[in-house]
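Secondary and tertiary structure notes
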Amino acid sequence: MMTKHEKRTLAIKALEGDKLALSKLITLIEESMDNFIDIADIVWHRTLKAKVIGVTGMPGAGKSTLISRLTRLLRKQGKKVGIVAIDPSSPISGGSLLGDRIRMQYALDEGVFMRSMPAQREGTLPWRALLTVEILDAIGYDYVIIETVGAGQSDVQVMNAADTVIVVLMPGAGDEIQALKAGLMEIGDIYVVNKADKPEAETTYNQVKFALENITKSQGWKPRILLASAIMNKGVREVLEAVEEHLEFLEKTGSLVSRRKRRRILELELLVKARVEELLHKLITTNSKAKEIVDNVYQGLLDPISASKKLLGLVLKESKI
Ligand SMILES: Nc1nc2c(ncn2[C@@H]2O[C@H](COP(=O)(O)OP(=O)(O)O)[C@@H](O)[C@H]2O)c(=O)[nH]1
Ligand SMILES: [Mg+2]
């Protein structure tokens, strides 16, 4: 256990640019959200400066490759880039091979910081990812990029935290169009059909264009649809230009404020939910009153709806708020 003073020293070091301290700080927050309380006053008032970009799409679409290309472009402009990669293939112990390779390549550059998080803790992950985004923002990373696989509910939530969402698609036998229909259609501000070096890319591009034809997002933003080949470094500049264009649009229309408010609301909801879940789990396994309620439901003496109210009552009492 670290003392409050040790946590604060770590946070200050991280803010000064010490990457090892930053890694340790993120681990600390991942372990318990309450660790954030001890450093919140150092970190929190510095947030809401970074441009937060969400990048989502199916595994293998080329998200990581595209992010590494975008990062290089941003570095050429002197921008600092933080990356939070929610990696479905990485077990808790480490990252996928590719992740590692990319990490190494990034490590050569002072202005880039990358953090991978395993995706298997569905439901509890987003607040960890979001607090990491906030810390990177506070430290002064100009861009914070979140990479997720656009599969679960939690990924969609994470995307709600971003200022600009890029959906990466790859050419294929209609799978991508299915993915669009399955929920990726609402979330993208920019769609990138990657792997333009493949002959089927043009067809997929046209299909995506057709599928998104009638989509207009809030304040009248028409999602941009671009062809790129991340691996050949083609069309990447155009993706970055579209990002800038979208960010300008957000600012001009006042939507940036509402998007960031949405991020705050999301964070609050996720943190409260995680607290309630944690307490509920603890109560059901250890508290005699909670166990009695569960027993009564089991024996048919109490209906689950009334029981849920009673349990929530217990949670609130136990939370000592
Ligand atoms: N042909 C081709 N392959 C690509 C391109 N971009 C990425 N890839 C490859 O696709 C695979 C998955 O890429 P990755 O960036 O890890 O995808 P992610 O799972 O979406 O992050 C890797 O083998 C990449 O080398 C591209 O533009 N063209
Ligand atoms: Mg990846």
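Before any of the text, the structure's been laid out above.
Just so it is clear, the model here is predicted, and its values are computed rather than measured.

**Concerning the pairing of strand E3 (residues 112-118)**
The element E3 is extensively covered by neighbouring structure, given that six of its seven residues are classed as buried. As paired strands, strand E2 (residues 81-87) and E3 are joined by seven bridges and run parallel to one another. Its bridge partner lying in E3, aspartate 87 is registered against proline 118.

**Points about the site of ligand 1**
What surrounds ligand 1 is a group of 17 residues, the closest being Gly62, Lys63, Ser64, Thr65 and Ile231. Considering each element in turn, the shell around ligand 1 owes the most residues, three residues, to helix H5 (residues 63-76). In terms of residue class, the shell around ligand 1 is built from six nonpolar, seven polar and four charged.

**Some details on helix H10 (residues 201-212)**
If you check H10, its first and last C-alpha atoms are 16 Å apart, about what twelve residues at 1.5 Å a residue would give, namely 16 Å. Every buried residue of H10 is listed here: Ala201, Thr204 and Val208. Seen from one end, H10 has its buried residues packed into an arc of 65°, which puts them on one side. Along H10, the residues that are exposed and aim more than 90 degrees away from the buried face are Asn206, Lys209 and Phe210.

**Here we look at the nonpolar core**
For soluble globular proteins, the rule of thumb is that nonpolar side chains tend to be buried together. In terms of nonpolar packing, the biggest core is built from 69 residues, with Val144, Ile146 and Val192 touching the most fellow members. Broken down by element, the residue count for this core peaks at nine residues, all from helix H7 (residues 125-139). When we break this core down by domain, the ones giving at least three residues each are domain 1 (1-44) and domain 2 (47-253). Excluding its chain neighbours within four sequence positions, the residues that come into contact with isoleucine 146 are Val52, Gly54, Val55, Val84, Ala129, Val133, Val158 and Ala162. Core analysis: the next-biggest nonpolar cluster, separate from the first, contains five residues, Leu283, Ala290, Ile293 and Val315 among them.

**Notes on the packing of helix H11 (residues 236-253) against helix H12 (residues 255-286)**
Taken N-terminus to C-terminus, the directions of H11 and H12 make an angle of 100°; their axes are 5 Å apart at the nearest point. What the angle tells us is that H11 and H12 run roughly perpendicular. Counting all contacts with H11, which are made through Leu250, Glu251 and Thr253, the residues of H12 involved are Ser255, Leu256 and Arg259. Its residues assigned to classes, the contact of H11 with H12 shows two nonpolar, two polar and two charged.

**Some details on H11**
Along an α-helix, residues three or four positions apart point the same way, because every turn accommodates 3.6 residues. Its 18 residues place the ends of H11 26 Å apart at the C-alpha level, agreeing with the 26 Å of an ideal helix rising 1.5 Å per residue. Buried residues along H11 sit against strand E1 (51-57), H5, strand E5 (164-169), strand E6 (190-193), strand E7 (224-227) and H12. Remark: glycine 254 follows H11 within two positions and exhibits a positive phi of approximately 80°.

**Here we look at the packing of H12 against helix H14 (residues 304-319)**
Viewed as axis vectors pointing N to C, H12 and H14 meet at an angle of 105°, and their least axial separation amounts to 10 Å. With respect to each other, H12 and H14 are oriented roughly perpendicular. Each of Val276, Leu279, Leu280 and Leu283 in H12 lies in contact with H14, whose residues at this interface are Leu311, Leu314, Val315, Glu318 and Ser319. The class makeup of the residues in the contact of H12 with H14 is seven nonpolar, one polar and one charged.

**What to know about the sheet that holds E5**
What the seven strands build is an open sheet, ordered E3-E2-E4-E1-E5-E6-E7; its pairing is parallel. Each of the sheet's edge strands pairs with one partner strand only, and the pair in question is E3 and E7. Within the sheet, the average angular offset between the axes of one strand and its neighbour, ignoring direction, is 20°. Looking at chain direction, E1 and E5 are connected through four bridges and run parallel. The partner of valine 55 across the bridge, within E5, is isoleucine 166. Lying on the sheet, H10 is in contact with E5, E6 and E7; it crosses E6 at an angle near 160°.

**Some thoughts on the environment of alanine 85**
As for its position among the elements, alanine 85 is in strand E2. Looking at alanine 85, the number of C-beta atoms within 10 Å reads 24, which means it is buried. For the pair alanine 85 and arginine 115, spaced 30 residues apart in sequence, the C-alpha separation works out to 6.1 Å.

Quick notes on the rules
Residues numbered from 1 in each chain as written. Chains lettered and ligands numbered in written order. Predicted model: local features only at pLDDT ≥ 70, side-chain atom pairs only at ≥ 80, totals over all residues. Buried ≥ 20, exposed ≤ 12 C-beta atoms within 10 Å, placed from the backbone. Helix = DSSP H or I, 4+ residues; strand = E, 2+ residues; numbered from the N terminus. Pairing = 2+ DSSP bridges. Near = placed C-beta within 6 Å. Nonpolar A, V, L, I, M, F, W, Y, C, P; charged D, E, K, R; others polar. Expected span 1.5 Å × (residues − 1). Arc of directions from axis to C-beta. Core = buried A, V, L, I, M, F, W, Y, C linked by C-beta atoms within 7 Å. Domains from an automatic or database assignment. Contact = placed C-beta atoms within 7 Å. Axes fitted to C-alpha atoms, helices over the stretch in contact; angles between N-to-C directions. Parallel < 35°, antiparallel > 145°, perpendicular 65-115°, else oblique.

Read these as layout, nothing more, since geometry by itself doesn't imply function.
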